[in-house]
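Examining the three-dimensional arrangement
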Amino acid sequence: MKFQGVKIAGTGSYVPEKVLTNEDLSEIVDTSDEWIFTRTGIKERHIAADDQFTSDLSSEAAKEALENAGIKAEDLQLIIVATLSPDKTFPNTASLVQNKIGAPNAACFSMEAGCTGFVYGLEVGAGMIASGLYKNALIIGAEKLSSVVDWTDRTTCVLFGDGAGAAILTATDVENNKYLGSDLGSNGEQHDILHIPGGGCAVPFSQEAKDQKLLTLQMNGKEVFKHAVNGMSVSAKKALDQSGLSIDEIDWVVAHQANVRIINAVGQKVGVPTEKVYINVDRFGNTSAASVPIAFNEMRQKGLLKRGQKILFVAFGGGLTWGASVVEY
Ligand code: UT7
């Protein structure tokens, strides 16, 4: 084995066509555009069609990322899909994506680290490439959260949206490594402040579980808010330390898009000016594992990213999990 460096060679994203605005939501539950926007910064989110699944959203994002990287699906040796809303509990969604995009040479697995999924996926993919055994990896964060949200619960259903984002990681010489630092963590003691209680072996699917609303997402918003601000700030600082860079040397912070108030609080704690923090939660809501790669790809599409810039990814989610990574684009 010969150790290798890693770089992001391309990105892609996809959100479904249908847009659900705050006004639309106020016809479904007792809420208002004013409440949602003031508390979260969200104006609208995209919702997948009934016959459009996480693997479909993933495949569209993957195709754009492959094109952007200039490599063929056959050249992929690894596909990781981070998601908490897989097409099926088994088999894994990455294998379904492999089939849809035609990538027969890829090892495939899905992973679940809540909204931190993409940042965890980057770390796993980068580590596997660094081992010298893989050259091209496709890392996807994708969700059809509309399928796991309780549409009668105004405290959660207004927050989430569907979508997918992807990045192609490729091997480079060790001297040209662009994966500069990272930090991942978890606090399982708080596993039940943001979770879907049923559908697994602890509370299998049943009509009773459905009636008791155990098959949809439940959250203690206030608690999650506090942990999110703290977890993301600490993790961002640790990843920066690891990279040897100061926050002033970072060109862009791409944070998990859960709530603009959380993102701003993290920015303040880490000491980054607001103009370096990208925000698109207003148009997509919280797309969990998809939010960081959707934001990153949108920045590329808008021409905001230049090769050589230093990027700080940071995310937080159920588990609890958190993570940050520093890359040179
Ligand atoms: O990806 C990571 C996962 N999630 C997050 O990061 C979310 C973290 N948490 C949050 O972003 C915030 O806690 C929320 C946006 C979820 C809630 O904001 P908040 O400022 O913590 O509001 P709250 O839960 O304290 O609710 C305040 C009031 C309550 O009414 P009372 O008890 O004061 O009369 C709620 O019942 O707002 C009410 N409320 C609503 N009103 C209108 C809750 N949801 C809604 C709603 N529309 N959708």
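A brief report on the enclosed structure follows. Because the structure is predicted, anything quoted here is derived from the model rather than measured. (Residues numbered from 1 in each chain as written. Predicted model: local features only at pLDDT ≥ 70, side-chain atom pairs only at ≥ 80, totals over all residues. Heavy atoms only, no water.)

What follows deals with the site of the ligand. The environment of the ligand is formed by 22 residues, the closest being Thr31, Lys222, His256, Asn259 and Asn286. Threonine 31 has a polar side-chain atom sitting 2.7 Å from a nitrogen atom of the ligand. Residue lysine 222 places a side-chain N or O atom 2.7 Å away from an oxygen atom belonging to the ligand. For the shell around the ligand, the elements supplying multiple residues, two or more each, are α2 (33-40), α6 (154-157), α8 (221-243) and α9 (260-270). Ranked by the residues each element gives to the shell around the ligand, the list is headed by α8, at four residues. Taken together, the residues that form the shell around the ligand break down as 10 nonpolar, seven polar and five charged. Three or more residues apiece are contributed to the shell around the ligand by two domains, here domain 1 (5-176) and domain 2 (179-328). (Near = heavy atom within 4 Å. Polar contact = N/O pair within 3.5 Å; in protein donor to acceptor, adjacent residues only side chain to side chain. Helix = DSSP H or I, 4+ residues; strand = E, 2+ residues; numbered from the N terminus. Nonpolar A, V, L, I, M, F, W, Y, C, P; charged D, E, K, R; others polar. Domains from an automatic or database assignment.)

What follows covers the packing of aromatic side chains. For any pair of aromatic rings, geometry is given as the distance between the ring centres together with the angle between the planes. Here the structure, examined in full by the defined rule, presents four aromatic pairs. Taking 6.5 Å as the distance between ring centres and 85 degrees as the angle between the ring planes, the aromatic pair formed by phenylalanine 118 and phenylalanine 313 counts as edge-to-face. Taken as a pair, phenylalanine 118 in helix α5 (residues 117-130) and phenylalanine 313 in strand β12 (residues 310-317) lie far apart in primary sequence, 195 residues in all. In this pair, the class of phenylalanine 118 matches that of phenylalanine 313, namely buried. Note on phenylalanine 316 and tryptophan 322: the rings are 6.5 Å apart at their centroids and 10 degrees apart in plane angle, and the pair reads as stacked. You can call phenylalanine 316 buried: its relative accessible area is 4%. Among the aromatic residues, those joined into a ring-pair cluster are Phe118, Phe296, Phe313 and Tyr329. (Phe/Tyr/Trp six-rings, centres within 6.5 Å; stacked < 30°, edge-to-face > 60°. Buried < 20%, exposed > 50% of the residue type's maximum accessible area, 1.4 Å probe, protein only.)

Taken as a whole, this structure holds 10 salt bridges when the rule is applied. The closest approach of N and O atoms between glutamate 60 and lysine 63, which form a salt bridge, is 3.3 Å. Taken together, the residues span about one helical turn, with glutamate 60 and lysine 63 both in helix α3 (residues 54-69) at a distance of three residues. For glutamate 60, a relative accessible area of 35% corresponds to the partly exposed category. Here lysine 226 makes a salt bridge to glutamate 223, at a shortest N to O gap of 2.9 Å. Here the residue lysine 226 and the residue glutamate 223 both occupy positions in helix α8, the gap between them amounting to three residues, near one helical turn. (Salt bridge = Lys/Arg side-chain N within 4 Å of Asp/Glu carboxyl O.)

Helix α4 (residues 93-101) packs onto α3 with a crossing angle of 55 degrees between their chain directions and a minimal axis gap of 9 Å. With respect to their mutual orientation, α3 and α4 come out oblique. For the element pair α3 and α4, the recorded crossing hand is right-handed. From α3, Thr54, Ser55, Asp56, Ser58, Ser59, Ala62, Lys63 and Leu66 reach across to α4, where they touch Thr93, Leu96, Val97, Lys100 and Ile101. (Axes fitted to C-alpha atoms, helices over the stretch in contact; angles between N-to-C directions. Parallel < 35°, antiparallel > 145°, perpendicular 65-115°, else oblique. Left-handed = near helix turned anticlockwise from the far one by under 90°. Contact = heavy atoms within 4.5 Å.)

Below, the discussion takes up α2. Because an α-helix completes one turn every 3.6 residues, residues spaced three or four positions apart along the sequence face the same direction. Among all positions of α2, only Asp33, Ile36 and Thr40 are buried. In a view along the axis of α2, the buried residues occupy a sector of 80 degrees, so they form one face of it. Packing partners of the buried residues in α2 comprise α1 (22-25), β3 (44-47), α9 and α10 (281-284). (Arc of directions from axis to C-beta.)

This brings us to the side chain of aspartate 183. Mapped onto the elements, aspartate 183 comes out in strand β8 (residues 179-186). With no salt bridge to any partner, buried aspartate 183 finds its closest opposite charge in lysine 238, at an N-O distance of 4.4 Å. A polar contact of 2.6 Å, which involves the side chain of aspartate 183, links it to the side chain of serine 235. Among all residues touching aspartate 183, those that are not within four sequence positions of it are Ser235, Lys238, Ala239, Trp322, Gly323 and Ala324. (Lys, Arg positive; Asp, Glu negative; His and termini not counted.)

For the rest of this paragraph, the subject is the sheet that holds strand β5 (residues 107-111). Ordered by their spatial adjacency, five strands build an open sheet running β1-β7-β6-β4-β5, and the pairing between neighbours is mixed. The sheet is open, and its two borders are formed by β1 (5-14) and β5, each paired with just one other strand. Averaged over all pairs of adjacent strands, the angle between strand axes in this sheet comes to 20 degrees, irrespective of strand direction. This element, helix α11 (residues 291-301), spans β1, β6 (136-144) and β7 (162-172) of the sheet and lies at about 90 degrees to β1. (Pairing = 2+ DSSP bridges.)

What follows concerns the sheet that holds β12. With mixed pairing, four strands are arranged side by side in an open sheet as β8-β13-β12-β11. Lying at the two open borders of the sheet, with one neighbouring strand each, are β8 and β11 (252-255). Strand-to-strand twist of the sheet, defined as the mean angle between neighbouring strand axes without regard to direction, takes the value 10 degrees. Pairing of β11 with β12 involves four bridges; the strand directions are parallel. Bridge pairing in β12 places valine 253 opposite leucine 312. Contacts between α11 and the sheet are confined to β11 and β12, with β11 contributing the most and set at about 145 degrees to the helix.

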